[in-house]
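Here is how the chains run, residue by residue.
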Amino acid sequence: MMRLPLRPLVTMALLSLTVSACAPAPQGDAVNDPYEEKNRQTFQANTRFDSLVGGGPDGDGPDVPEPVLIAMSNAGTNLDAPVAALNHLLQGRVEDAAHMSWRFAINSTIGLAGLLDPARELGLEERDNDFGRTLHTWGAPQGAYVVLPVLGPSTERDTAGMVVDTVINPLGAVLPRRERLYTFGVKVAAEGAERLRFGDTYDSVLYDSADPYAQARSAYLQNRSFELGASPVEDAYIDPYEDLYGE
């Protein structure tokens, strides 16, 4: 999630460009959110799901020690390294691709399958990447803002990117089916660990604001713009929640 099926890769990239072009362009400083009504319904369903699994100020999530949460988060991050390396390569960043490949090799062995992060101590910090960023590098427009069931905030470009990342992930070509299921379980556990580690931040967005949907949307778009190194003009929105970032 090395197979690299070129035809599906190109097809999905073209699909992303087509779908993004179909969405109405933002006007002025407005957020490009033509599906807001449906997005809000999905957002509310996601929030209810979060409450059911122990989220929220009154949630009864498990009391897991911080070192365990960090280890689970490390393991999930390590599984993202191969696809990050591949996307660096697709963007022509050969040094970054080699950097992430070494990082994955070290943390998967010395780091006990990624539970520990000795690569960072060796100067190999994480350099995350994904196919959504690759599409951005190739000039694909961001498209409309969307909220995905369970997965949460995204854009049309990033949603297409998630699909492609699943297809081109090198681990999918080398791991047997059972091991692929194990890696999926690790990824789910890592997401749960992140929810527990940063529960106060999640709760402040989902439960403590006047308009949680607008705040989550603003937080996602600003963070994504920062990751892309993009000009605010491309994302075309005003962030009314700068205090969320302590600025």
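Within each chain, residue numbers correspond to sequence positions counted from 1 in written order. Given that the model is predicted, a residue must reach a pLDDT of at least 70 before its local features are reported, and side-chain atom pairs must reach 80 or more before they are shown or counted; all residues, however, enter totals for whole chains, interfaces and linings. Values shown for side chains rest on all heavy atoms present in the structure; no hydrogens or waters enter the calculation.

Q: Any chance you could break down the overall build of the protein for me, citing the residues and the numbers?
A: Think of it this way: any DSSP run of H or I at least four residues long counts as a helix, any run of E at least two long counts as a strand, and we number them from the N terminus. Along its length, the protein carries 13 helices and 2 strands. Here the accessible surface of atoms and residues is derived via Shrake-Rupley with a 1.4 Å probe, and residues count as covered only by protein chains that are part of the display. Surface exposure of the protein reaches about 13,700 Å², of which carbon and sulfur atoms provide 61%.

Q: Help me get a handle on the pairing of strand β2 (residues 152-155), residues and values and all.
A: At least two DSSP bridges between two strands are needed for those strands to be called paired. In the sheet, strand β1 (residues 145-148) pairs with β2 via 4 bridges, with the strands oriented antiparallel. What sits directly across from L148, in β2, is G152. The loop that links β1 with its antiparallel partner β2 comprises 3 residues; one of these, V150, has a positive phi angle of about 70 degrees.

Q: Residues and numbers for unusual backbone geometry, please.
A: Here the phi dihedral of A113 falls at roughly 60 degrees; this positive angle occurs in a residue that is not glycine. Accessible area is worked out with a 1.4 Å probe on protein chains only. A residue is then buried under 20% of its type maximum, exposed over 50%, and partly exposed in between. Among the residues examined, A113 registers a relative accessible area of 53% and is labelled exposed. In the Ramachandran plot, V150 falls in the positive-phi region, its phi being about 70 degrees despite a non-glycine side chain. Structurally, V150 is set in the loop between β1 and β2. By relative accessible area, V150 is classed as exposed at 59%.

Q: Please give an account of helix α12 (residues 212-228) that cites residues and values.
A: The span one expects for a helix is its residue count, reduced by one, times 1.5 Å. Its 17 residues place the ends of α12 24 Å apart at the C-alpha level, agreeing with the 24 Å of an ideal helix rising 1.5 Å per residue. The first or second residue beyond α12 is G229, which carries a positive phi of 65 degrees.

Q: Requested: an account of the nonpolar core, with residues and values cited.
A: Residues F43, Y145, V147, V205, L206, Y213, A216, Y220 and L221 constitute the largest nonpolar core, which totals 9 residues. Those elements giving two or more residues to this core turn out to be β1, α11 (199-206) and α12. In terms of residue count, the dominant contributor to this core is α12 (4 residues). Excluding residues that lie within four positions of it along the chain, F43 makes contacts with V147, L206, P212, Y213 and A216. Among buried residues, the Ala, Val, Leu, Ile, Met, Phe, Trp, Tyr and Cys ones that are joined through side-chain atoms within 4.5 Å form a nonpolar core. Formed by 8 residues, the second largest nonpolar core is a distinct cluster that contains V83, L86, V164 and I168. We call two residues in contact when some of their heavy atoms are within 4.5 Å.

Q: Quick rundown of the packing of aromatic side chains? Include the residues and the values.
A: Each Phe, Tyr or Trp ring, with Trp reduced to its six-membered ring, pairs with another whose centre is within 6.5 Å; inter-plane angles below 30 degrees give stacked pairs, above 60 give edge-to-face pairs, and intermediate values give tilted ones. A full pass over the atoms with the stated rule returns 4 aromatic pairs. When the centroid spacing of 5.7 Å and the interplanar angle of 85 degrees are considered together, the rings of F43 and Y213 count as edge-to-face. One end of the pair, F43, is in helix α2 (residues 36-52); the other, Y213, is in helix α12, and 170 residues separate them in sequence. Taking relative accessible area as the criterion, F43 reaches 10% and is therefore assigned buried. Ring centres of Y145 and Y220 lie 6.4 Å apart, and the angle between their planes is 55 degrees; this geometry places the pair in the tilted category. Highlighted residues: Y145 in strand β1 and Y220 in helix α12, separated in sequence by 75 residues. Since its relative accessible area comes to 19%, Y220 is described here as buried. An aromatic cluster of at least three residues, connected via ring pairs, comprises F43, Y145, Y213 and Y220.

Q: Which residues make up the side chain of N46, and what are the values?
A: Position of N46 among the secondary structure elements: in helix α2. Exposure remark for N46: the relative accessible area of 16% places this residue in the buried category. When near neighbours in sequence (up to four residues on either side) are disregarded, N46 contacts V147, L148, P149, V150 and G152.

Q: Summarise the side chain of T42; cite the residues concerned and give the values.
A: Along the polypeptide, T42 turns up in helix α2. A relative accessible area of 11% means that T42 is categorised as buried. Setting aside anything within four residues of it in sequence, one finds T42 in contact with V147, L148 and P149.

Q: Explain the confidence of the model for the protein to me, and be specific about the residues and the numbers.
A: Confidence scores here are pLDDT values: one per residue, from the predictor, ranging 0 to 100. For the protein, the average pLDDT comes to 83, and 78% of its residues sit at 70 or higher. Considering only residues more than four positions removed or in separate chains, one finds that residues 1-22, a stretch of pLDDT under 50, has 38 contacts. A low-confidence stretch, residues 24-28 stays under pLDDT 50, and its non-local contacts, those more than four residues away or across chains, total 6 contacts.

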